[in-house]
Amino acid sequence: MRSAVLLNTSTIEVWPGGLLRARSNHDARLLARATWVLRRKRDGRYLAALAPEGLVPMLPNLHGDAGLDAARAALDRAHRPQRAGIERVAELPLSLLHERLHALGLDDAYGERVGLPLVAEPALLALAGFDRYRRPLWLLPTAARAWAHLREAALRDGIVLEAISGYRSHDYQLGIFERKRARGQTVDEILTVNAAPGYSEHHSGRALDIGAPDEPPAEESFERTPAFDWLRREAGAYGFVMSYPRDNPHGIVYEPWHWCWRGDATPAA
Ligand SMILES: [Zn+2]
């Protein structure tokens, strides 16, 4: 079976057929024949589907969509004969993120204050299975492979690891902020509950929130599970690092469930 990939562009995600749920009977008939589906990141709307007869619009005025050319180019690249390996995945530019952070009033001072860099999205993600909620789990291809190895190794030791969530787009996090701003909350108020858009390791496709069956997701109590005990001993061998230990320098709350794949990092000399 060919492994499924998500083609990522600044404003549109190109999903492989068979993973997105239809929202109408008309959509269902088209999606059943589609090899790829173009989905607008900002609102999740389906823009078009690539069917045997060509690209079929799913919204009127599709051709006014500024991101369409980038999505078509990503599809063209995907359909070219496969070069050896997809290890080196390009990163998308940060220009659109800068604009929208500026519009929110979130400037560079935030990043400087918490000591975190802006995190680019990768141009391609691999299907790494499904999360606890049966949603497709997307990760950087190398991180997806490492996650599979980590899960298998845990299972051999009698430990079941569940993914709570993996890749998240800038748009996803920006959407949360824009909706709360529209309801009258200030950016500082939102920041006490939600991570600033653009600064999450989840944007890179390397980070993974991990849980154990019957445990509540993303709770500090995860640190008392056998799964966490196993991760603390073994995850490093698979390239996974716990990003936010207690008293981390970024002032981010302790997140024993949040692990980031750094298997390609050069060890410090
Ligand atoms: Zn996380």
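Reference entry: report on the structure contained in this document.

Basis of the calculations
Residues numbered from 1 in each chain as written. Predicted model: local features only at pLDDT ≥ 70, side-chain atom pairs only at ≥ 80, totals over all residues. Heavy atoms only, no water. Pairing = 2+ DSSP bridges. Helix = DSSP H or I, 4+ residues; strand = E, 2+ residues; numbered from the N terminus. Axes fitted to C-alpha atoms, helices over the stretch in contact; angles between N-to-C directions. Contact = heavy atoms within 4.5 Å. Polar contact = N/O pair within 3.5 Å; in protein donor to acceptor, adjacent residues only side chain to side chain.

### Observations concerning the sheet that holds strand E8 (residues 162–165)
Ordered by their spatial adjacency, four strands build an open sheet running E8-E9-E11-E10, and the pairing between neighbours is antiparallel. Of all the strands in the sheet, just E8 and strand E10 (240–242) have a single pairing partner and so form its edges. Strand-to-strand twist across the sheet, computed as the mean angle between neighbouring axes with direction ignored, equals 45°. Two strands pair when backbone bridges link them, and strand E9 (residues 207–211) and strand E11 (residues 258–261) are joined in this way by three bridges, in the antiparallel orientation. Looking across to E11, one finds that Leu208 is bridged to Trp259. This element, helix H5 (residues 141–156), spans E8, E9, E10 and E11 of the sheet and lies at about 85° to E10.

### Concerning the sheet that holds strand E6 (residues 124–130)
One open sheet accounts for seven strands, arranged E5-E4-E3-E2-E1-E6-E7; its pairing is antiparallel. Of all the strands in the sheet, just strand E5 (54–57) and strand E7 (136–139) have a single pairing partner and so form its edges. The sheet shows a mean angle of 25° between the axes of neighbouring strands, direction not considered. Inspection of the sheet shows strand E1 (residues 5–8) paired to E6 by three bridges, in the antiparallel sense. Note that in E6 the partner of Leu7 across the bridge is Leu124. Those strands touched by helix H1 (residues 25–33) are strand E3 (36–40), strand E4 (46–51) and E5, and its axis lies near 45° from that of E4. This element, helix H2 (residues 68–79), spans E1, strand E2 (12–16), E3, E4 and E5 of the sheet and lies at about 150° to E3.

### Digging into the side chain of Asp171
Position of Asp171 relative to the elements: it lies in helix H6 (residues 170–182). At a separation of 2.6 Å, a polar atom in the side chain of Asp171 contacts the side chain of Arg100. Each residue touching Asp171, except ones within four places of it in the same chain, is listed here: Ser10, Lys41, Arg42, Arg100 and Glu121.

### Focus: the pairing of E3
Strand direction decides the pairing type here: E2 and E3, joined by five bridges, are antiparallel. When the sheet's bridge partners are listed, Trp15 is paired in E3 with Val37. When E3 meets E4, the two strands line up antiparallel, connected through four bridges. Following the sheet pairing, Val37 is matched in E4 by Ala49.

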